[in-house]
Amino acid sequence: MTSETRHNSDTERAIRLRKLKFRSWHRGVKEMDLILGHFADTTLDSLSDAELDTYEKLIEVEDTSLYNWFTGRENVPPEHDHELFARIKTFNHMKGPLGPR
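The structure presented is a predicted model; accordingly, all values stated were derived computationally and were not measured. (Residues numbered from 1 in each chain as written. Predicted model: local features only at pLDDT ≥ 70, side-chain atom pairs only at ≥ 80, totals over all residues. Heavy atoms only, no water.)

(A) Just the packing of helix α2 (residues 30–43) against helix α4 (residues 63–71), in detail. At their nearest, the axes of α2 and α4 sit 10 Å apart, and the two run at 65° to each other. At the point where α2 passes α4, the crossing takes the left-handed sense. Across the interface between the two elements, Glu31, Met32, Ile35 and Leu36 from α2 touch Asp63, Leu66, Tyr67 and Phe70 from α4. Broken down by class, the residue content of the contact of α2 with α4 amounts to 6 nonpolar, no polar and 2 charged. (Axes fitted to C-alpha atoms, helices over the stretch in contact; angles between N-to-C directions. Helix = DSSP H or I, 4+ residues; strand = E, 2+ residues; numbered from the N terminus. Left-handed = near helix turned anticlockwise from the far one by under 90°. Contact = heavy atoms within 4.5 Å. Nonpolar A, V, L, I, M, F, W, Y, C, P; charged D, E, K, R; others polar.)

(B) Structural detail: the environment of lysine 30. By secondary structure assignment, the location of lysine 30 is in helix α2. Since its relative accessible area comes to 53%, lysine 30 is described here as exposed. Note: C-alpha distance between lysine 30 and aspartate 63 (33 residues apart in sequence) is 9.6 Å. (Buried < 20%, exposed > 50% of the residue type's maximum accessible area, 1.4 Å probe, protein only.)

(C) Region of interest: the packing of aromatic side chains. With the rule as written, the count across this model stands at 4 aromatic pairs. Seen in terms of ring centroids, phenylalanine 39 and tyrosine 55 are 6.1 Å apart; in terms of plane orientation they differ by 25°. Their pairing is stacked. Of this pair, phenylalanine 39 sits in helix α2 while tyrosine 55 is found in helix α3 (residues 49–58), placing the two residues 16 residues apart along the sequence. The class for tyrosine 55 is buried, based on a relative accessible area of 0%. Arranged with centres 5.3 Å apart and planes meeting at 85°, the rings of phenylalanine 39 and phenylalanine 91 form a pair that is edge-to-face. Placement of phenylalanine 39 in helix α2 and of phenylalanine 91 in the segment after α5 (83–90) is noted, with a sequence separation of 52 residues between them. Note on phenylalanine 91: relative accessible area 6%, which makes it buried. Here the aromatic residues Phe39, Tyr55 and Phe91 are joined through ring pairs into a cluster of three or more. (Phe/Tyr/Trp six-rings, centres within 6.5 Å; stacked < 30°, edge-to-face > 60°.)

Quick look at the structure:
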């Protein structure tokens, strides 16, 4: 990979991350802003491209459904019941993964 190709790839990833973080914080339902926004700020940079694809599909879901899945009011459909969903659900949204240290 040339340095120019790597730079373009890094730039595209940075743009993608900014868009995902923005979308995570601007959901329309404040509770989902907090859940996804804090997770995005803390975790998205470390995710692989495949995990970002999964996250992107997940945040396309309507807020009410997502909130009900995260709170256990509704069962998570199989296509969204994955490791990344579990990570978001167990994430301490005010302090980061695993809570205070």
